[in-house]
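Chain by chain, the residues run as shown.
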Amino acid sequence: MNPRYTFDTFVVGNCNQFAHAAAEAVADRPAKAYNPLFLYGGVGLGKTHLMQAVGHMIKGKWKEMRLSYVSSENFTNEVINSLRYDRMVSFRDKYRNVDILLMDDIQFIAGKERTQEEFFHTFNTLYEAQKQVVISSDCPPKEISGIGGAPALAFRLGIDGGLAGSGPRDQACHPGEEN
């Protein structure tokens, strides 16, 4: 995680004050305040910054907590490599035995059925064990094309911390559509 991405360095404004407050609440009371927390907004609006600020604050308060921050692209690559090299047990242990899972850019798993399946089972394992999950995306859960069924339902269980912006939505929300 980037050491500069903390709550102290995050600029709070009208467009992001709810997302900031929700992220701070999660960092203050992991798995008690908002679980899961789904942060979404356009490119460059601070989703990754807020997500990593949550991680830094939790690690600062509770050093014993097991925390994993991963981009969805890296998660997908790990699924592929774990399947290829017969290491799925190790992969599952890595992500399903944490106290906090921070997954950035979830829209990347759209259309990747096996990755979605692994994420959903990971999410369920953590959620049922009352572990914190924070997810980010460039668009709201219902607008991510190519993610359906159980993963889409999982995203809608939590609170949406939207970050408003003035630019067009990222292409990842609606592949093939014009901005």
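Preceding this paragraph is the structure being described.
Residues numbered from 1 in each chain as written. Predicted model: local features only at pLDDT ≥ 70, side-chain atom pairs only at ≥ 80, totals over all residues. Heavy atoms only, no water.

A. Structural context of helix 5 (residues 113–128). Taking 1.5 Å per residue, 16 residues should reach 22 Å; helix 5 reaches 22 Å between its end C-alpha atoms and fits that length. Looking one or two places after helix 5, you find glutamine 130, whose phi comes out positive at around 60°. (Helix = DSSP H or I, 4+ residues; strand = E, 2+ residues; numbered from the N terminus. Expected span 1.5 Å × (residues − 1).)

B. Expanded view of the packing of helix 4 (residues 88–96) against helix 5. The interhelical angle for the contact between helix 4 and helix 5, taken along N-to-C directions, is 45°, at an axis separation of 10 Å. When the axes of helix 4 and helix 5 are compared, the pair comes out oblique. Considering the relative orientation of helix 4 and helix 5, their crossing is right-handed. From helix 4, Met88, Phe91, Arg92, Tyr95 and Arg96 reach across to helix 5, where they touch Arg114, Glu118, His121, Thr122, Thr125 and Leu126. Residue composition of the contact of helix 4 with helix 5, by class: four nonpolar, three polar and four charged. (Axes fitted to C-alpha atoms, helices over the stretch in contact; angles between N-to-C directions. Parallel < 35°, antiparallel > 145°, perpendicular 65-115°, else oblique. Left-handed = near helix turned anticlockwise from the far one by under 90°. Contact = heavy atoms within 4.5 Å. Nonpolar A, V, L, I, M, F, W, Y, C, P; charged D, E, K, R; others polar.)

C. Molecular detail of the nonpolar core. Grouped together as the largest cluster of nonpolar side chains are 22 residues, with contacts concentrated most on Phe75, Leu101, Met103, Ile106, Phe119, Ile135 and Ile144. Of all the elements in the fold, those that place two or more residues in this core are strand 1 (37–41), helix 3 (72–84), helix 4, strand 3 (100–104), helix 5 and strand 4 (132–137). Beyond its immediate stretch of four places on either side in the chain, phenylalanine 75 contacts Val70, Phe91, Tyr95, Met103, Thr115, Glu118, Phe119 and Thr122. Core analysis: the second largest hydrophobic core is formed by 18 residues, Leu37, Leu50, Ile100 and Leu102 among them. (Core = buried A, V, L, I, M, F, W, Y, C linked by side-chain atoms within 4.5 Å. Buried < 20%, exposed > 50% of the residue type's maximum accessible area, 1.4 Å probe, protein only.)

D. Local environment of the pattern of salt bridges. Applying the stated criterion to the full structure yields nine salt bridges. As a salt-bridge pair, aspartate 138 and lysine 47 come within 3.2 Å of each other at their nearest N and O atoms. Of this pair, aspartate 138 sits in the loop between strand 4 and helix 6 (149–156) while lysine 47 is found in helix 2 (residues 47–61), placing the two residues 91 residues apart along the sequence. Under the relative-accessibility criterion, lysine 47 is labelled buried at 5%. Measuring nitrogen to oxygen at the nearest pair gives 3.0 Å for the salt bridge that ties lysine 131 to aspartate 99. (Salt bridge = Lys/Arg side-chain N within 4 Å of Asp/Glu carboxyl O.)

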